[in-house]
Amino acid sequence: MVIDWIRRKQQGGELTAEEIRELTEGFTRGDVPDYQMAALLMAIYFKGLTAAEGKAFLRALISSGERQDLSGIPGIKVDKHSTGGVGDKVSLVVAPVVSSLGIPVPMISGRALGHTGGTLDKLESIPGFRTKLSAREFRRILADVGCVLVGQSDSLVPADRRLYALRDVTSTVKIPGLIAASILSKKIAEGANGLVLDVKIGEGGFLPNEEEAVELAKLLVAWAEENGLHTVALGTDMETPLGHAAGNAPEVIESLKILKGEEPDARLATLCELQGAMMIWLGGKANDLRVARQLYREAVVSGKAIQKMQEIAHAQGAAGDVFENFEQNVRPKKKAAITASRSGILARIHAQKIGWGLVDLGAGRKKASDPVDPTAGIYFVAREGDTVKAGDALAEVVWSALNDAAESLARLREAFVVSDEPATERPLVFFVCDRVGCRTVRQSEELFV
Ligand code: URA
């Protein structure tokens, strides 16, 4: 049967909703082997999915586990998700900020996918932090703490857990219908009422250009709204890594600094404030984004946001003082500098090359069973547009597990382009879509008026 479905998709045919349900159930039970699912995914990668097939995958993923009823927990439950990027740690920042304002944040996230990082792997670099919780624990921690940060499990979208892991290592992530089904299945199953989406545009994500990103954003908003999930989707730049660090523990370290109100990277700070403000607005705590941004800033300055992060980590298994000595506890065993080979302007840091270089270094997986080195990552010393001299440090690479990192370092080095030409300025935010439609944005400040 599965072989007929593979053949049909190879020939550009369509699967019925019933077939997709049967396939997903069989795959989740382990009756459909990975090799057949991988072949089917590759056929879909080349031939595409119809909207009906995409929606059937969404329904099948949701019903593979328990759909959470959070009506017993007061308040509008709000979540956020990114389609995936390099250095994108916004979830680690906005979840505690928003929940510290009394808005419940139930968040099911994913692991590293392809060359992009994953919130779960970042959280698991925190010693003791458990991301695999039962549905009952998920609801209890949300009710007690106001935020819960987990991964798919046997009860929470198990089919997405298996499919996501397989797509990661078979280079079949970039299928818009499956990206939408994967993201929304988690958000609908977890019981959220509101959702902020960040659709990443550029080589560091899965959508290379604005047109494809708008199409995916429209699909995500339409399918979310059909399922009662009030959704706003932003299209934002992912040509270059976001923030000062990429890698699991390095991104947690950077997020903790932002939560403590320390000076963050300007583009990262803007994206955190924008997405956080949208969540606060969706959560009903502010009538407009300007007021919501003010609440966001107060939560950071007052110390409530970092305190909430500590509460979440503690509730999910980490020691109460886990963040006090966090940097020392995840100290990498090895480090190497990337230096400028010539003088000039740092015109480009290629996000995708950084992403694959980090996978090589051990921050992501080449096979589903690969362990992840939580300490592996990169700190950017120079940023696009900086003038540098030959020999100046551009970045520091850190890791612990890999014995010979020469190839990874070479790959990471290739990501940096020093030239005589100035760096090309790119907008941070390209568009915003909601149930009314999509509009082009070029200055993120436009969204706060
Ligand atoms: N995030 C997800 O949860 N799924 C995808 O397919 C891509 C990004």
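Definitions and cut-offs
- Residues numbered from 1 in each chain as written.
- Predicted model: local features only at pLDDT ≥ 70, side-chain atom pairs only at ≥ 80, totals over all residues.
- Heavy atoms only, no water.
- Disulfide = S-S within 2.5 Å.
- Buried < 20%, exposed > 50% of the residue type's maximum accessible area, 1.4 Å probe, protein only.
- Pairing = 2+ DSSP bridges.
- Helix = DSSP H or I, 4+ residues; strand = E, 2+ residues; numbered from the N terminus.
- Axes fitted to C-alpha atoms, helices over the stretch in contact; angles between N-to-C directions.
- Left-handed = near helix turned anticlockwise from the far one by under 90°.
- Contact = heavy atoms within 4.5 Å.
- Nonpolar A, V, L, I, M, F, W, Y, C, P; charged D, E, K, R; others polar.
- Domains from an automatic or database assignment.
- Buried area = accessible area lost by both parts, 1.4 Å probe.
- Salt bridge = Lys/Arg side-chain N within 4 Å of Asp/Glu carboxyl O.
- Polar contact = N/O pair within 3.5 Å; in protein donor to acceptor, adjacent residues only side chain to side chain.
- Phe/Tyr/Trp six-rings, centres within 6.5 Å; stacked < 30°, edge-to-face > 60°.
- Lys NZ or Arg CZ within 6 Å of the ring centre and 35° of its normal.

Overview of the state of the cysteines
Part 1 of the argument: Applying the stated rule across the entire model yields one disulfide.
Part 2 of the argument: A disulfide bridge connects Cys433 with Cys438, and the sulfur atoms are separated by 2.1 Å. On the sign convention where negative is left-handed, the bridge of Cys433 and Cys438, at about 105° about the S-S bond, is right-handed.
Part 3 of the argument: On the accessibility criterion, Cys438 (35% relative accessible area) is partly exposed.
Part 4 of the argument: Counting only cysteine sulfurs, Cys272 is the nearest neighbor of Cys147, a cysteine outside any disulfide, at a range of 14 Å.
Part 5 of the argument: With a relative accessible area of 0%, Cys147 lands in the buried category.

Observations concerning the sheet that holds strand 10 (residues 387-388)
Part 1 of the argument: On the basis of which strands lie adjacent, the open sheet formed by three strands has the order 10-8-12 and antiparallel pairing. Of all the strands in the sheet, the pair left with one neighbour each is strand 10 and strand 12 (416-419).
Part 2 of the argument: Inspection of the sheet shows strand 8 (residues 344-349) paired to strand 12 by four bridges, in the antiparallel sense. Residue Arg348 lies in a different strand from strand 12, and its bridge partner there is Val417.

As for the packing of helix 8 (residues 158-169) against helix 9 (residues 176-190)
Part 1 of the argument: Taken N-terminus to C-terminus, the directions of helix 8 and helix 9 make an angle of 145°; their axes are 11 Å apart at the nearest point. Every pair of crossing elements has a handedness; the one defined by helix 8 and helix 9 is left-handed. Only Leu178, Ile179, Ser182, Ser185 and Lys186 of helix 9 make contact with helix 8, whose side of the interface consists of Asp160, Tyr164 and Arg167.
Part 2 of the argument: Taken together, the residues of the contact of helix 8 with helix 9 break down into three nonpolar, two polar and three charged.

Structural notes on the domain arrangement of the chain
By a widespread convention, an interface's size corresponds to the accessible area lost as its parts come together.
Part 1 of the argument: Taken domain by domain, the chain consists of domain 1 (2-48), domain 2 (78-325 + 427-448) and domain 3 (332-419).
Part 2 of the argument: Where domain 2 abuts domain 3, roughly 1900 Å² becomes buried across the two surfaces, and 53% of that area is made up of carbon and sulfur atoms.
Part 3 of the argument: Its largest share of buried area at the contact with domain 3, domain 2 owes to His115, Glu203 and Pro241, together 25% of the area lost on that side.
Part 4 of the argument: Where domain 2 meets domain 3, there are four salt bridges.
Part 5 of the argument: Here Glu239 and Arg348 are joined by a salt bridge, their closest N and O atoms 2.8 Å apart.
Part 6 of the argument: Across the domain 2-domain 3 interface, the total number found is 16 residue pairs in polar contact (both at pLDDT 80 or more).
Part 7 of the argument: Listing elements by their share of the side of domain 2 that touches domain 3, those giving two or more residues are helix 8, strand 6 (245-247) and helix 11 (248-259).

Considerations on the pattern of salt bridges
Part 1 of the argument: Scanning all chains against the criterion turns up 37 salt bridges.
Part 2 of the argument: The partner of Arg111 in a salt bridge is Glu124, with the nearest N and O atoms 2.9 Å apart. Linking Arg111 in the loop between strand 2 (105-109) and helix 6 (119-123) with Glu124 in the loop between helix 6 and helix 7 (135-145), this pair joins segments that are 13 residues apart in sequence.
Part 3 of the argument: Its relative accessible area of 36% is what places Glu124 among the partly exposed residues.
Part 4 of the argument: Its salt-bridge partner being Lys186, residue Asp160 comes within 2.7 Å of it at the nearest N-O pair.

A short note on the packing of aromatic side chains
Part 1 of the argument: Applying the stated criterion across every chain, the model contains three aromatic pairs.
Part 2 of the argument: A centroid spacing of 6.0 Å and a plane angle of 70° characterise the contact between Phe323 and Phe326, whose relative ring orientation is edge-to-face. By the burial criterion, Phe323 is buried, and Phe326 matches it.
Part 3 of the argument: An angle of 45° between the planes, with centres 6.3 Å apart, marks the rings of Phe380 and Phe416 as tilted. Taken together, the residues span a long stretch of sequence, with Phe380 in strand 9 (residues 377-380) and Phe416 in strand 12 at a distance of 36 residues.
Part 4 of the argument: Positioned above the aromatic ring of Phe27, the side-chain terminus of Arg162 is 4.3 Å from the ring centre.
Part 5 of the argument: Here Arg293 stacks its cationic end above the ring of Phe448, 3.8 Å away from the centre of that ring.

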